[in-house]
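# Secondary and tertiary structure notes
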Amino acid sequence: MKVGDRHYRSLWSEGPGGPVHIIDQTGLPHVFATRALDSPEAVAEAIVTMRVRGAPLIGVAAAFGVALAISREASDAALDRAVRALAATRPTAVNLAWALARMRRRLAPLSPGERAPAAWAEAQAIADEDAALNEAIGRHGVELLAREHAARGRPVNVLTHCNAGWLATVDWGTALAPVFLAHDRGIPVHVWVDETRPRSQGLLTAWELAGHGVPHTLVADNAGGHLMQHGRVDLVIVGADRVTRRGDVANKIGTYLKALAAQANAVPFYAAVPTPTIDWAVDDALAGIPIEERSGDEVRLVRGLDGDGRPATVAVAPPATPVANPAFDVTPAALVSGILTERGLFAAREESLRALRPVARDAAVAP
Ligand code: MRU
């Protein structure tokens, strides 16, 4: 997507040997800066600190982290070390394990001398595929928005949570891909953007929508139920970090509350995901999906600009305040109207999602 006049991906590589460039998302929406990553350690740091974030992008970044590691040392031990270290960065997005498993499958059978070019080619393929999958999600999802517009004869009001736009992927985004396409096709759409405390990824969403000229309104996380009660939300579209084969959706903390409010108000609730986000192995979503617990300081401290427009951090709670900071929650399939994928819209049920299941070899995600 474009930043000003220039097309950007959220991550790009200079080719074999690196470095890999990212948009450093910790500065946005106030400071647009890119950063060069030249080692697997730098990639791991970028994932942990959320310079890169969003399930698909985490997977792609990790794949390039393996390529950087293999360029340095191509032994079995080095491959194993890199995969393990990168897998430990963030636990919830299954795309991370999926991308690392794919890199290992591609590289392990090769001799060390063959590995580096193969690693860069595979990481680039994962990145290019991600952009294509998301564009396809957009093409399917725009039909939903076109139907809503035709039925209502006025702009379609979408509510989204967190950031599942192009910054969270290589390009296009998942939940926002249909919105960008609708806007491009002249279908009037307005987005209610949940702020998404504590990391405020909604500010990234608002920045993306502003950049694309899409009308939007930033709202506090608690506003969604009220807006739905008053008929001001036509549909909810979110992304996901992991979808089970039964259609349960793990996504940014607060998603579950939006799904409950949506059901209570008969508002359709969709999760938009590329198929690598589906975890075919996990059985019980509540017991089986690891929910990342992040630092309490993310809740105690708020970052922004000071009165002089300089980046600043202020404390909204004293340092000793006990804090819990679960980063994700699980929305049960029963609350999900559909799973929007690159192959179309599927019911959030095992019998329906089964059609998306890849052949057994590709389904294994343990890195
Ligand atoms: O903690 P984050 O910002 O990485 O969480 C991101 C989300 O929850 C997104 O909704 C999800 O990863 C899908 S991104 C296309």
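Right, let's walk through the structure included here. Please read these numbers as outputs of a predicted model, since none were measured by experiment. (Residues numbered from 1 in each chain as written. Predicted model: local features only at pLDDT ≥ 70, side-chain atom pairs only at ≥ 80, totals over all residues. Heavy atoms only, no water.)

Looking now at the site of the ligand. The immediate surroundings of the ligand are formed by 18 residues, with Arg53, Arg90, Gln201, Asn251 and Lys252 found nearest. Between alanine 55 and the ligand, the recorded distance is 2.8 Å, taken from a backbone N or O atom to an oxygen atom. Glutamine 201 is positioned with one of its side-chain polar atoms (N or O) 2.8 Å from an oxygen atom of the ligand. Alone, the ligand offers 410 Å² of accessible surface; in the complex the protein occludes 100% of this. Of all elements in the fold, only helix 2 (55-72) and strand 11 (249-252) reach the threshold of two or more residues within the shell around the ligand. (Near = heavy atom within 4 Å. Polar contact = N/O pair within 3.5 Å; in protein donor to acceptor, adjacent residues only side chain to side chain. Areas by Shrake-Rupley, 256 points an atom, 1.4 Å probe, with all protein chains shown as cover. Helix = DSSP H or I, 4+ residues; strand = E, 2+ residues; numbered from the N terminus.)

A few words now on the pattern of salt bridges. With the rule as written, the count across this model stands at 28 salt bridges. Ionic pairing is found between aspartate 279 and arginine 242, a salt bridge with its closest N-O pair at 2.7 Å. Placement of aspartate 279 in strand 13 (residues 278-279) and of arginine 242 in strand 10 (residues 242-244) is noted, with a sequence separation of 37 residues between them. A relative accessible area of 4% means that aspartate 279 is categorised as buried. Of the charged contacts, one joins glutamate 350 and arginine 245 as a salt bridge, the two residues approaching to 2.9 Å between their closest N and O atoms. Within this pair, whereas glutamate 350 is found in helix 12 (residues 350-353), its partner arginine 245 is found in the loop between strand 10 and strand 11, the two being separated by 105 residues in sequence. (Salt bridge = Lys/Arg side-chain N within 4 Å of Asp/Glu carboxyl O. Buried < 20%, exposed > 50% of the residue type's maximum accessible area, 1.4 Å probe, protein only.)

Before going further, it helps to spend a moment on the nonpolar core. Most often, soluble globular proteins keep nonpolar side chains buried together rather than apart. Grouped together as the largest cluster of nonpolar side chains are 41 residues, with contacts concentrated most on Leu11, Phe64, Val66, Met103 and Leu107. For this core, the secondary structure elements donating two or more residues are strand 4 (20-23), helix 1 (40-48), helix 2, helix 3 (76-87), helix 4 (94-107) and helix 5 (112-152). It is helix 2 that contributes the most residues to this core, 12 residues altogether. Here valine 66 is in contact with Leu79, Val83, Leu86, Leu100, Met103 and Leu107, once residues within four sequence places are set aside. With 34 residues, the next largest nonpolar core counts Val3, Val142, Val193 and Tyr270 among its residues. (Core = buried A, V, L, I, M, F, W, Y, C linked by side-chain atoms within 4.5 Å. Contact = heavy atoms within 4.5 Å.)

What follows concerns the side chain of aspartate 171. Tracing the backbone shows aspartate 171 in the loop between strand 6 (156-160) and helix 6 (177-184). For the buried residue aspartate 171, which engages in no salt bridge, the nearest side chain bearing the opposite charge is arginine 9, 4.5 Å off. A distance of 2.7 Å separates a polar side-chain atom of aspartate 171 from the backbone nitrogen of methionine 1. Leave out the neighbours within four places in its chain, and aspartate 171 touches Met1, His7, Tyr8, Arg9, Asp130, Ala131, Asn134 and Trp166. (Lys, Arg positive; Asp, Glu negative; His and termini not counted.)

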